[in-house]
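Letter by letter, the chains look like this.
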Amino acid sequence: MNALQKYFAYRQSLINQYTKGDMTKEEYLDENLEAVLSLRDKPFKYVDNIGKGLFNYQYYNAMAKACRMEKRGATSEEGLIIQDKINYFYDCKDRATMKILRLCDFKDTEGYFIKVRSRFLSGRLFEILLKEYEGIVLHSQNEGILNALREAGVFKEGTRKSVIDYYINSKY
């Protein structure tokens, strides 16, 4: 088992602990960030396979969520700086998502809008399932990704419950 496989196996054990109620969402996010950074302190520059793309997605997502938690206690001036970091990490996450979709050529992929409690995210947040990779669920609000999914004929219109609704709709 290589380092990426070990990370994803550990991440799955964290997800299992979270879904059983053995850890809070915030604890899950902290542990996942620690796991990401212990594998690599930066994302892969050259992404030539889906595993590396998925790691980069997790890396940027974990960094964005860590910044969101940091922003809670920040002054308004600090909050603006942190928000720029959050936006940067989510933009990088979206680039990783597009790379993954191109690498798999949109095969065995499905996208759809998801039901969310947040009024801000309602009608904007969509889920992407990579059917070949069990347990891999991606999320985005990016219009370019949405359009690419539609052009590939893999985006299903309408709104569905997320396959990880318990996670998506819980606050941290």
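Here, every reference points to the structure presented above.
## Some thoughts on the environment of Phe-44
And step 1. Summarising the element assignment, Phe-44 is placed in the loop between α2 (25-39) and α3 (50-71).
And step 2. Judged by relative accessible area, which is 16%, Phe-44 ranks as buried.
And step 3. Sequence-wise, Phe-44 and Tyr-90 are 46 residues apart; in three dimensions their C-alpha atoms are separated by 16 Å.
And step 4. Once residues within four sequence positions are removed from consideration, Phe-44 is found in contact with Leu-4, Lys-52, Phe-55 and Asn-56.

## Thoughts on a negative patch on the surface
And step 1. There is a patch of like negative charges on the surface, built from Glu-27, Asp-30, Glu-31 and Glu-34.
And step 2. Following the sequence through the fold, Asp-30 ends up in helix α2.
And step 3. Since its relative accessible area comes to 40%, Asp-30 is described here as partly exposed.

## Here we look at the sheet that holds strand β4 (residues 155-160)
Where strands meet in a sheet, backbone hydrogen bonds hold them as pairs that are either parallel or antiparallel.
And step 1. A sheet is described by the order of its strands in space; here 4 strands give the open sequence β3-β2-β1-β4, paired in mixed fashion. In the strand order of this sheet, the two ends are held by β3 (137-140) and β4, each with one partner. When strand polarity is set aside, the average angle formed by the axes of neighbouring strands in this sheet is 30°.
And step 2. Note that strand β2 (residues 126-130) and β3 share 4 bridges and pair antiparallel. In the strand pairing of β3, Phe-126 is matched with Ser-140.
And step 3. Its contacts with the sheet place helix α5 (residues 143-151) against β1 (109-114), β2, β3 and β4, and it is angled at close to 50° to β2.

## Observations concerning the pairing of β2
And step 1. Of all the 5 residues making up β2, 5 are buried; the element is thus mostly covered by neighbouring parts of the structure.
And step 2. Note that β1 and β2 share 5 bridges and pair antiparallel. The residue of β2 that forms the bridge with Gly-111 is Ile-128.
And step 3. Connecting the antiparallel pair β2 and β3 is a turn made up of 6 residues, with Gly-135 showing a positive phi of about 85°.

## A few points about the packing of aromatic side chains
And step 1. Evaluation of the coordinates by the stated rule reveals 14 aromatic pairs.
And step 2. For the pair Tyr-7 and Phe-8, a centre-to-centre distance of 4.9 Å together with 70° between the ring planes defines the contact as edge-to-face. Comparing Tyr-7 with Phe-8 shows no difference in burial state: the two are buried.
And step 3. Each ring, one from Tyr-18 and one from Tyr-28, has its centre 6.1 Å from the other, and the planes form 40°; the classification is tilted. Residue Tyr-18 is found in helix α1 (residues 3-20), and its partner Tyr-28 is found in helix α2; the two are separated by 10 residues along the sequence. Exposure class is identical for Tyr-18 and Tyr-28. Each is buried.
And step 4. Linked through ring pairs, Tyr-7, Phe-8, Phe-44, Phe-55, Tyr-59, Tyr-60, Tyr-88 and Phe-89 together constitute an aromatic cluster.

Definitions and cut-offs
Residues numbered from 1 in each chain as written. Predicted model: local features only at pLDDT ≥ 70, side-chain atom pairs only at ≥ 80, totals over all residues. Heavy atoms only, no water. Helix = DSSP H or I, 4+ residues; strand = E, 2+ residues; numbered from the N terminus. Buried < 20%, exposed > 50% of the residue type's maximum accessible area, 1.4 Å probe, protein only. Contact = heavy atoms within 4.5 Å. Patch = residues over 30% accessible without salt bridge, like charges linked within 9 Å, V, L, I, M, F, W, Y side chains within 5 Å. Areas by Shrake-Rupley, 256 points an atom, 1.4 Å probe, with all protein chains shown as cover. Salt bridge = Lys/Arg side-chain N within 4 Å of Asp/Glu carboxyl O. Lys, Arg positive; Asp, Glu negative; His and termini not counted. Charge placed at Lys NZ, Arg CZ, Asp CG, Glu CD. Pairing = 2+ DSSP bridges. Axes fitted to C-alpha atoms, helices over the stretch in contact; angles between N-to-C directions. Phe/Tyr/Trp six-rings, centres within 6.5 Å; stacked < 30°, edge-to-face > 60°.

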